[in-house]
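The residues making up each chain are set out below.
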Amino acid sequence: MLALIKTTSLPLFMITAEKSSFWSNLFCVGPFRYLIRTAVLALVLLSLSRLALVLWQYDRVEGTDLIFQVLLQGIRADIIVVSLLLVLPVLLIPLALVRGLSKIWFQFSYVWCLLALVLLVFMELATPAFILQYDVRPNRLFVEYLKYPKEVLSTLWFGFRLPLVFGLVATLALTWLMRQVFRSGKCSLNHWSLFKTLGLWCLALVLLFAGIRSTTDHRPANPAIFAITSDSMVNSLVLSSGYSVLYALYNLKHEARSSEIYGKLPIEQMLKQSLDWPWLKSYQFNNPHYPTAHWQQAVMKREKPLNLVIVLQESLGATFVKSLGGLAVTPELEQLKQQGIWFENLYATGTRSVRGIEAVVAGFPPTPAQSTVKLSNSQQHFTTLASILKAQGYQTQFIYGGEAHFDNMRSFFTGNGVDQIVDQSQMQNPVFTGSWGASDEDVFTTAHQQLTALHQQNKPFFSLIFTSSNHEPFEFPDGRIELNEEPKARVNNAVKYADWAMGQFFRKAKQSDYWQDTLFLIVADHDNRVYGNNLIPVEKFHIPGLILGADTKPELLTSLASQIDLAPTLLSMMGISSCHTMTGRDFTLDRTSPGRVLLQFENYFALMQQKPQQPELVILKPNGETVAGLYQPQQKQLNLSAQTVSLADKNTALALVQLPSYLYREQKNSSSALCGQHGSNRMKTAE
């Protein structure tokens, strides 16, 4: 790559055409030679790439009746990203007026412009594979995964080898071609006058400012303004992948106030509306320093509190559960559901594992920012089930087949109540190791050994078991299951294997000494792929959830439930009364109230509430707009409504997405939060 970016030796910055040829006469204008060629090449390449993607996804795009708008608005979005990339070299043009610096400036502008084009080309070539996996252009997720080259490169090589090789070869070929275009044409070097240089420089700055702003409105254009359809994937096609990733990088510095893209409520109003739910009415929130802190009295009275084991299944959405309208590839789960409390309408808060972890383990609602698992202010003193139970004398552990540092899990868990991390490095003689670590059966074998040992110590314990076999590139040992389809490395086969491994574990657990003293939760972190032509693909947030073990009686819960409701429910069933900051619903306390779920998808936040006819959604867009929707579970279809969302409903949704950002930013979700106005650590619930 470096050889392709070999710089020229141009002694001066003033260039005019000398011979009659296409490139000699076109854009051979002094210090703007490479800048103008970059702008033209970038706009052409990005438009051709968008056209190819539109043709590839023609059915989805044509269904919006906005093909022309997608292409036209795409050019506008491309002008923004091209203008952004050219800001630095244009700002530095006056340096070329300084004797001795003109050569350096020309070399810099050449390398900068060529690298900018290489970046844009590489991102466009990476786009089809990313869309196939995530149903959207590369975004913040693309950036986050760059932190883990081992896992990512292994996944790419075993799961996307052909696209990877093609992308690299095509990038090199196009880099060579762009270099030839840059260097084509013969130009002589002549001085421009100071007036001419500075005059055109000022004009260029004005044009760049206009190109970046792209509007005369109060706020400059951003990706939200290009959300012109109800299909999030089609909306992403309007942008270029380079723009999408650059905007994601820009937003990383605004994580603590990420929810403000939807609007902002006064803190007092936000807190009041966030806590105005039927299942929170019996609690008192009296600590001004920790506004969500309250004493939760366990409904289940036990002489000895139960142990807790959470099996967090990777990517096990309702898509793979027959009784939830999915494929019949989880027979073990279908059998187990007859033995415990089954959540018929449980929904994930997001589409990432860390989002599922923060919801299930910390009871923390979603925001447009990264999950709190990855953010700096939540690496210590953050309320989790582990921190609550550790304070009650529990031994706490996290068991994972991969490397626990991935997605910052090790730091988050060890700083927030987890005593022991058991990951791939501590698994003895695994029967199978793939790109993401030891297989699920190795994880469950290790877990059974650990739980047996913990029980023998006669101390209560909490163990979080996180699986990984159901993850691209879907690697698992041979001879365990009858394949659902060919070839072997398919998601349905991986799910079936993960289900089989879990079934083997529960057969052992039921015969163990710890079974009668332990409460188990089986739940997914999220679905495998989130896609569809809905603004928010609600059906891909639907996940299975099952509580069993100890003295749990079979029950079917049909109310809408969120992942953030699981932790309070588990604490109550275990017989653990505690002070904490979680605002989820304890289903042992309130089984009758209409439910609600919180969904974070890309830059959209939705509040879905249970209504007599069908679930209703209030969807917040990052430009401050609000959309109403009706969800039809049987048809798995979200129908947007032309009806204006009431101010009350909008403010309720806004309060719910603003609350977690506020708690994180102000560090008010502490595990050391005290209940009661005067700092007492115990407060009875209201009668």
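Our subject is the structure listed above.
All values reported here derive from a predicted model rather than from experimental measurement.

Draft legend 1. Quick look at helix 12 (residues 267-274). Turning to helix 12, its buried residues are Met270, Leu271, Gln273 and Ser274. Of the surrounding secondary structure, the elements contacted by the buried residues of helix 12 are helix 20 (647-665).

Draft legend 2. Spatial organisation of the side chain of Arg137. Position of Arg137 relative to the elements: it lies in the loop between helix 5 (102-134) and helix 6 (140-145). Taking relative accessible area as the criterion, Arg137 reaches 1% and is therefore assigned buried. At 3.1 Å, the side chain of Arg137 and the side chain of Glu124 are in polar contact. A distance of 2.8 Å separates a polar atom in the side chain of Arg137 from the backbone oxygen of Ser236. Residues within four places of Arg137 in sequence aside, it is in contact with Arg50, Leu53, Glu124, Thr127, Phe130, Ile131, Ser236, Leu237, Leu239, Ser240 and Ser241.

Draft legend 3. Here's a closer look at the pairing of strand 19 (residues 604-609). The element strand 19 is largely enclosed, with a buried count of 6 among its 6 residues. In strand 19, alternate side chains face the same way, and those of Tyr604, Ala606 and Met608 on one face and Phe605, Leu607 and Gln609 on the other are all buried. As judged from the 6 bridges shared by strand 18 (residues 596-601) and strand 19, these two strands associate in the antiparallel manner. If you follow Leu599 over to strand 19, its bridge partner there is Ala606. The loop that links strand 18 with its antiparallel partner strand 19 comprises 2 residues; one of these, Glu602, has a positive phi angle of about 55°. Sheet analysis places strand 19 next to strand 20 (residues 616-620), joined by 5 bridges and oriented antiparallel. Paired with Gln609 across the bridge in strand 20 is Glu616. Between strand 19 and strand 20, which pair antiparallel and follow one another directly, the connecting turn spans 6 residues.

Draft legend 4. Main features of the environment of Phe474. Inspection of the secondary structure puts Phe474 in the loop between strand 11 (461-466) and helix 18 (491-510). Residue contacts for Phe474: discarding those within four places in its chain leaves Ser469, Ala489, Arg490, Val491 and Ala494.

Draft legend 5. Representation of the sheet that holds strand 12 (residues 518-524). Taken together, the 8 strands give an open sheet; going across it, the order is 8-7-11-4-12-14-5-15, and neighbouring strands pair in mixed fashion. Each having just a single partner strand, strand 8 (420-422) and strand 15 (555-557) make up the two edges of the open sheet. Mean inter-strand twist for the sheet, computed between neighbouring axes without regard to direction, equals 15°. Of the pairings in the sheet, the one linking strand 5 (residues 341-343) to strand 15 comprises 3 bridges and is parallel in character. The residue bridging Ile341 from the neighbouring strand is Glu555, located in strand 15. Sheet contacts for helix 18: strand 4 (307-313), strand 11, strand 12 and strand 14 (545-548); angle to strand 12, the most-contacted strand, approximately 175°. Packing of helix 19 (residues 566-574) onto the sheet brings it into contact with strand 4, strand 5, strand 12 and strand 14, and relative to strand 12 it is tilted by some 165°.

Draft legend 6. Expanded view of the nonpolar core. Counting 120 residues, the largest nonpolar core has Ile310, Phe398, Phe413, Phe505 and Phe506 as the members making the most contacts within it. Apart from the residues lying within four places of it in its own chain, the contact partners of Ile310 are Val360, Leu385, Phe462, Ser463, Leu464, Ile465, Leu521, Val523 and Leu570. If you look at the next biggest cluster of nonpolar residues, it comprises 44 residues, including Leu41, Leu46, Val61 and Leu117.

Conventions adopted
- Residues numbered from 1 in each chain as written.
- Predicted model: local features only at pLDDT ≥ 70, side-chain atom pairs only at ≥ 80, totals over all residues.
- Heavy atoms only, no water.
- Buried < 20%, exposed > 50% of the residue type's maximum accessible area, 1.4 Å probe, protein only.
- Helix = DSSP H or I, 4+ residues; strand = E, 2+ residues; numbered from the N terminus.
- Contact = heavy atoms within 4.5 Å.
- Polar contact = N/O pair within 3.5 Å; in protein donor to acceptor, adjacent residues only side chain to side chain.
- Pairing = 2+ DSSP bridges.
- Axes fitted to C-alpha atoms, helices over the stretch in contact; angles between N-to-C directions.
- Core = buried A, V, L, I, M, F, W, Y, C linked by side-chain atoms within 4.5 Å.

So yeah, pure geometry; function would need other evidence.
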